[in-house]
Amino acid sequence: MVLSITLFLAYGSACLFANGMVAEFERFGLSRFRRLTGSLEVLGALGLLVGYTLPGIQLFSAIGLAMLMLLGVMARLRVRDSLRETAPATVLLLVNAYIAWYVWQTRLSVA
């Protein structure tokens, strides 16, 4: 979970403030969504962090980040990025899907 928090804080901040991400979102044809994406990534990371105390927030954040990465994978496939370029989004999709499953099974299940 620390990996996901750290990476989404970094990627989200880069989306909001780094010039390199401007070009990347233009390449995807999604420049108007760059700030929204960055904001959602930062908020999702903070939600995972707050989720250590409030598991419902952690579940919601993990699901949201997994969905965001699914859209990221789809955007990369649409522009025909290589497997190497698509791998980070795919890994983060799987990591956050696992976090959501884990939180649901261990911290929110009533059994």
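A few points on the structure. The model shown is predicted, which means the values in this text are computed figures rather than measured ones.

## Section: helix α3 (residues 34–50)
And step 1. Helix length check: α3, at 17 residues, gives a terminal C-alpha distance of 24 Å against a target of 24 Å (1.5 Å per residue), a fit within 8%.
And step 2. Within the span of α3, buried status applies to Arg34, Thr37, Gly38, Glu41, Val42, Gly44, Ala45, Gly47 and Leu48.
And step 3. Close packing links the buried residues of α3 with α1 (2–17), α2 (19–28), α4 (55–78) and α5 (83–106).

## Remarks on the side chain of glutamine 58
And step 1. Among the structural elements, glutamine 58 can be located in helix α4.
And step 2. A distance of 2.5 Å separates polar atoms of two side chains, one belonging to glutamine 58 and the other to arginine 107.
And step 3. Ignoring sequence-local partners within four residues, the contact set of glutamine 58 consists of Met1, Gly47, Leu48, Gly51, Tyr52, Val103 and Arg107.

## Let's talk about the packing of aromatic side chains
And step 1. Under the defined criterion, the tally for this structure stands at 3 aromatic pairs.
And step 2. Consider the rings of tyrosine 98 and tryptophan 101, whose centres lie 5.7 Å apart with planes at 35 degrees: the pair is tilted. Of this pair, tyrosine 98 and tryptophan 101 both sit in helix α5, 3 residues apart, which is roughly one turn of that helix.
And step 3. Tyrosine 98 sits in the partly exposed class, given a relative accessible area of 47%.
And step 4. Grouping aromatic residues by their ring pairs yields a cluster made of Tyr98, Trp101 and Tyr102.

The rules we used
- Residues numbered from 1 in each chain as written.
- Predicted model: local features only at pLDDT ≥ 70, side-chain atom pairs only at ≥ 80, totals over all residues.
- Heavy atoms only, no water.
- Helix = DSSP H or I, 4+ residues; strand = E, 2+ residues; numbered from the N terminus.
- Expected span 1.5 Å × (residues − 1).
- Buried < 20%, exposed > 50% of the residue type's maximum accessible area, 1.4 Å probe, protein only.
- Contact = heavy atoms within 4.5 Å.
- Polar contact = N/O pair within 3.5 Å; in protein donor to acceptor, adjacent residues only side chain to side chain.
- Phe/Tyr/Trp six-rings, centres within 6.5 Å; stacked < 30°, edge-to-face > 60°.

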